[in-house]
Amino acid sequence: MERLAHIDALRGSAALLLIFQTLLLPLSDGWALQHALDPGLLAMLWFLLCCGFIVPASLHASVDGGRGFVVRRLLRLLPVYLLAVLLTAILLPTAPAWLPGVAAPGSAMAFEVIGAYGALPPILLFYGFCLLLQVLGLLHSVSLRTSCALVLLAVALLLALARQLLGTELPVTLPLALSLMFFASLRYEAKHESSSYARRRAREYARYTLRIYLLVLPIIFLAGWSADATAWPRDLLTYALAIVTFLLVTSRLPLRAPPLVWLGSLSYSLYLLLPAMQRLSELLTQALGLTGPTASLAGAVFSLLLALGSAQLCRQLLDLPLAHAGRRLTRQHDLMPLARLHSR
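Everything numeric here is computed off the predicted structure, so don't read it as measured data. (Residues numbered from 1 in each chain as written. Predicted model: local features only at pLDDT ≥ 70, side-chain atom pairs only at ≥ 80, totals over all residues. Heavy atoms only, no water.)

Novice: Hey, could you run me through the packing of aromatic side chains in this one?
Specialist: Each pair of aromatic rings is reported with the distance of its centres and the angle of its planes. Going through the model one piece at a time under the given rule, you end up with eight aromatic pairs. Cluster of aromatic residues (ring-pair linked, three or more members): F53, Y188 and F246. (Phe/Tyr/Trp six-rings, centres within 6.5 Å; stacked < 30°, edge-to-face > 60°.)

Novice: Could you clarify how one ought to interpret a positive patch on the surface in this entry?
Specialist: A cluster of like positive charges, contributed by K191, R200, R203, R207, R211 and R252, occupies part of the molecular surface. With four residues, the top contributor of residues to the positive patch is helix α9 (residues 196-224). Tracing the sequence through the fold places R252 in the loop between α10 (232-249) and α11 (258-287). (Patch = residues over 30% accessible without salt bridge, like charges linked within 9 Å, V, L, I, M, F, W, Y side chains within 5 Å. Areas by Shrake-Rupley, 256 points an atom, 1.4 Å probe, with all protein chains shown as cover. Salt bridge = Lys/Arg side-chain N within 4 Å of Asp/Glu carboxyl O. Lys, Arg positive; Asp, Glu negative; His and termini not counted. Charge placed at Lys NZ, Arg CZ, Asp CG, Glu CD. Helix = DSSP H or I, 4+ residues; strand = E, 2+ residues; numbered from the N terminus.)

Novice: Any chance you could explain the pattern of salt bridges here in plain terms?
Specialist: If charged atoms from side chains of opposite charge come close, those side chains can pair. Counted according to the given criterion, the structure contains six salt bridges. Between R11 and D8 there is a salt bridge, and its shortest N-O distance comes to 2.9 Å. Taken together, the residues R11 and D8, both in helix α1 (residues 5-24) and three residues apart, mark about one turn of the helix. Taken as a pair, R11 and D8 share a single burial class, namely buried. In this structure, D235 and R234 form a salt bridge, with 3.4 Å as the shortest nitrogen-oxygen distance. Of the residues examined, D235 reaches a relative accessible area of 1% and is grouped as buried. By relative accessible area, R234 is classed as partly exposed at 23%. If you follow the salt bridges from partner to partner, you end up with R76, R315 and D319 in one network. (Buried < 20%, exposed > 50% of the residue type's maximum accessible area, 1.4 Å probe, protein only.)

Novice: Honestly, helix α7 (residues 142-166) in this entry has me stumped. Any pointers?
Specialist: Since the α-helix packs 3.6 residues into each turn, any two residues three or four apart lie on the same face. Relative to the 36 Å expected for 25 residues at 1.5 Å per residue, α7 spans 36 Å between its end C-alpha atoms, a close match to the ideal helical length. Among the residues of α7, those classed as buried are V142, R145, T146, C148, A149, L152, L153, A156, A160 and R163. Elements that come into contact with the buried residues of α7 comprise α6 (120-135), α8 (173-192) and α9. Note on α7: the residue one or two positions beyond its end, G167, has a positive phi of about 65 degrees. (Expected span 1.5 Å × (residues − 1). Contact = heavy atoms within 4.5 Å.)

Novice: Whenever I open this one, the layout of surface pockets confuses me. Can you help?
Specialist: Considering only enclosed or pocket space, the largest pocket measures out at about 1300 Å³ in volume. If you go around the largest pocket, you meet 45 residues; those closest to its centre are R11, R73, R76, L77 and Y127. Of all elements in the fold, only α1, α3 (39-61), α4 (67-91), α6, α11 and α12 (292-330) reach the threshold of two or more residues within the lining of the largest pocket. Tallying contributions element by element places α4 first for the lining of the largest pocket, with 10 residues. Among the residues forming the lining of the largest pocket, the class breakdown is 29 nonpolar, six polar and 10 charged. (1 Å grid on protein atoms, 1.4 Å probe; cavity = no way out; pocket = protein on both sides within 12 Å on 5 of 7 lines; lining within 4 Å. Points joined across faces, edges and corners; volume = space filled by probe spheres on them. Nonpolar A, V, L, I, M, F, W, Y, C, P; charged D, E, K, R; others polar.)

Novice: Before we go on, may I ask you to explain a nonpolar patch on the surface in this structure?
Specialist: A grouping of V70, L74, L78 and L82 is seen on the molecular surface, where their side chains present a nonpolar patch of about 320 Å² in accessible area. Secondary-structure assignment places L74 in helix α4.

Novice: Would you explain the packing of α6 against α8 in this entry?
Specialist: Packed helices, taken two at a time, are described by the angle between their axes plus the distance between the axes. At a minimum axis separation of 10 Å, α6 and α8 run at an interaxial angle of 55 degrees. It follows that α6 is oblique to α8 by the angle criterion. When you trace α6 past α8, the crossing you get is right-handed. For the pair α6 and α8, the contacting residues are P122, I123, L125, F126, F129 and L133 in the first and L174, A177, L178, M181 and F182 in the second. Grouping the amino acids of the contact of α6 with α8 by side-chain chemistry returns 11 nonpolar, no polar and no charged. (Axes fitted to C-alpha atoms, helices over the stretch in contact; angles between N-to-C directions. Parallel < 35°, antiparallel > 145°, perpendicular 65-115°, else oblique. Left-handed = near helix turned anticlockwise from the far one by under 90°.)

Novice: Can you help me understand the state of the cysteines in this one?
Specialist: Two cysteines joined by a covalent bond between their sulfur atoms form a disulfide. Counting across every chain of the model gives zero disulfides. No disulfide involves C148; its sulfur sits 8.6 Å from the nearest other cysteine sulfur, which is in C130. (Disulfide = S-S within 2.5 Å.)

Novice: For this particular structure, what's the right way to read α4?
Specialist: Over its 25 residues, α4 extends 35 Å from the first C-alpha to the last, a length consistent with the 36 Å expected when each residue adds 1.5 Å. Regarding α4, the residues found buried are G68, F69, R72, V80, A84, V85, T88 and L91. Buried residues in α4 make contact with α3, α6, α11 and α12.

Novice: I would appreciate a short explanation of the packing of α7 against α8 in the present structure.
Specialist: The contact between α7 and α8 brings their axes to 8 Å, and the two run at 155 degrees. For the element pair α7 / α8, the angle class is roughly antiparallel. Between α7 and α8 the crossing geometry is left-handed. Contacts from V142, R145, T146, C148, A149, L152, L153, V155, A156 and L159 of α7 reach α8 at P175, L176, L178, S179, F182, F183, S185, L186 and E189. Of the residues assigned to the contact of α7 with α8, the class counts are 14 nonpolar, three polar and two charged.

This is how it looks when you write it as structure tokens:
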């Protein structure tokens, strides 16, 4: 399955927001970016929506029941993950090494799972759901994926109401994130299916699901964040902006800026390595004897250079060679072209 430039560019935009949130936002005092919008959460949601857009179609395109897809993904993702785990364990001993990309998750179960624990948990769960549907021969069904999106949305609503009534910390937005990823898969069918009937049917399902989101999302955030009236409007606005921008990028406003596409190709490594590289830059500024505002600015510059450099090295030395090896190992030339994929 060929890469889609506008999806890579959206990943690049997410990486840019993540860099801004981690390195530049602490140097500023912008009220809107700290209280009205969460750039880091927006970046995570873009990552998840891109994953939902691509993964089911890529898995469904496999002619070997998904085995080749699993092999190729493991070869591409696992080495960088293990490298990030090693660097996190060395440079950030207080952070959970098994969860690179997240410097310090909260000790209690968080309402906003993505903001607290990063994008990896929902992505891994989504992979599991898609593989299960593929094994059962149901992944191609647009109606079933729509049902998955709506059922997961209902689970998020029930968790939010239970949190409100019982006062128990529950991961409300985990099923919500999975629901959005299944919704993103509908957008792929609506835009890239060769059959006009399949595209029209997928658009109808996507519109129906979007209307239900408009009704249910405010209830989820109002109920889930009832104890903290200042947090839920920011998160609700961030989710709404993520959905709207994703719809625009996959329809009327396709992004193809080469710098964003390049950043998108580095986004996975950049996400995993950024906290470790930030800590390494702090050690470097301390070794140089820098203090005050100069140390903060130099640390941000060093972090950016180290993160981009390490991500590019991972792409050249790990990602590209192992992706090529995975294609050869699984004979990816046997994959069906996109023109032969149809929804049922």
